[in-house]
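As a plain string of letters, each chain reads:
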Amino acid sequence: LMLFSTLLLADSQDGVTGPGEILRGRFLMPAEELAKQNSYTILIELNIAEGWHINSNQPLEEFLIPTDIEFQETEGLSYGKIEFQKPELRNFSFSETKVSVYEGKSYAKTTITIAPDYSGEDMVLRATVNYQACNDESCLAPSSIQVTKLVSIVETGSVTVPENQEIFDKVM
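Things to note about the state of the cysteines
For step 1, the next point in the chain: In total, this model carries one disulfide according to the counting rule given.
For step 2, the next point in the chain: Disulfide pairing is shown between Cys134 and Cys139; the S-S distance is 2.0 Å. Measuring handedness by torsion sign, the sulfur bridge of Cys134 and Cys139 sits at about 100° and is right-handed.
For step 3, the next point in the chain: Given a relative accessible area of 0%, Cys134 falls into the buried group.
For step 4, the next point in the chain: Under the relative-accessibility criterion, Cys139 is labelled partly exposed at 32%.

Next up, the structure:
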């Protein structure tokens, strides 16, 4: 019963919202179901509220807090290196130099590999997005949001139905 309620909770939290509705995140999968013994490129979509930005993963000033994504380890699942989209270089009133930021909608991608001996029918992906949100005048304290996704797992060799193809084609 505990496992079942955990899975329901994880599924209901797809696209969890951060403080003040400034940042929302969600996993985008390449298919409705993922097969064991396969690797997939997945996306984390970051939706930043209008009038706000978050620092890029490689800010140009040492004092700025970078955006970072940490994945929670899940047995039978391994993650590859995270790649962020190219940031925008913007001028803001609080800085004399350009700032490397993400605004609007941005994506990070990574590869996941599902072990051939994974025994479950479902898997919960969990990530923490650490970030610092700013507007044109000031920055908020660093914060984080949790992003989760319940994924159906099928046997090796199963045919999977693609989804989100338009977004994957645009981002990659």
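Now that the structure has been shown, the text picks up again.
Here we look at the sheet that holds strand S12 (residues 133–134)
For step 1, the next point in the chain: Read from one edge to the other, the open sheet built from four strands follows the order S8-S9-S4-S12, with strand pairing classed as antiparallel. Lying at the two open borders of the sheet, with one neighbouring strand each, are strand S8 (88–90) and S12.

Looking at the confidence of the model for the chain
For step 1, the next point in the chain: Per-residue confidence for the chain gives a mean pLDDT of 87, with 88% of residues at or over 70.
For step 2, the next point in the chain: Within the model, the stretch residues 1–18 combines pLDDT values under 50 with 28 contacts to residues more than four positions away or in other chains.

Quick word on the pattern of salt bridges
Should their charged atoms come close, side chains of opposite charge can pair.
For step 1, the next point in the chain: The tally for this structure, following the rule as stated, stands at four salt bridges.
For step 2, the next point in the chain: Its salt-bridge partner being Glu45, residue Arg26 comes within 2.7 Å of it at the nearest N-O pair. Taken together, the positions of Arg26 in strand S1 (residues 23–28) and Glu45 in strand S3 (residues 39–48) put the pair 19 residues apart, joining distant regions of the chain.
For step 3, the next point in the chain: Overall, Arg26 belongs to the partly exposed group, its relative accessible area being 32%.
For step 4, the next point in the chain: We note a salt bridge from Glu155 to Lys36, for which the minimum N-O separation is 3.0 Å. Note that Glu155 is positioned in the loop between strand S13 (143–154) and helix H2 (165–171) and Lys36 in the loop between strand S2 (33–35) and S3, a separation of 119 residues in sequence.
For step 5, the next point in the chain: Classification of Lys36 by relative accessible area gives buried; the value is 7%.
For step 6, the next point in the chain: Salt bridges sharing partners connect three or more residues here, namely Arg26, Glu45 and Lys105.

So, the side chain of Asn55
For step 1, the next point in the chain: By the element assignment, Asn55 lies in strand S4 (residues 53–55).
For step 2, the next point in the chain: At a separation of 3.3 Å, a polar atom in the side chain of Asn55 contacts the side chain of Gln132.
For step 3, the next point in the chain: Here Asn55 is in contact with Leu64, Ile65, Thr67, Val99, Ser100, Val101, Tyr102 and Gln132, once residues within four sequence places are set aside.

Each value, and the rule that gives it
- Here the residue numbers are simple positions, counted from 1 along each chain's written sequence.
- Given that the model is predicted, a residue must reach a pLDDT of at least 70 before its local features are reported, and side-chain atom pairs must reach 80 or more before they are shown or counted; all residues, however, enter totals for whole chains, interfaces and linings.
- Water and hydrogen atoms were dropped before computing side-chain values, which therefore reflect all heavy atoms in the structure.
- Only a pair of cysteine sulfur atoms within 2.5 Å qualifies as a disulfide here.
- Here's how the labels work: a residue is buried when its accessible area is under 20% of the maximum for its type, exposed when over 50%, partly exposed in between, all with a 1.4 Å probe on protein chains only.
- We call two strands paired when DSSP finds no fewer than two bridges between them.
- Runs of H or I in DSSP of at least four residues are treated as helices and runs of E of at least two as strands, each being numbered from the N terminus.
- For every residue, the predictor reports its confidence as pLDDT, a number between 0 and 100.
- We call two residues contacting when some pair of their heavy atoms lies within 4.5 Å.
- By definition here, a salt bridge exists when the distance from a side-chain nitrogen of Lys or Arg to a carboxyl oxygen of Asp or Glu is within 4 Å.
- N or O atoms within 3.5 Å of each other form a polar contact, as long as, within protein, one can give a hydrogen and the other can take it, and as long as residues adjacent in sequence are counted only when both atoms are side-chain atoms.

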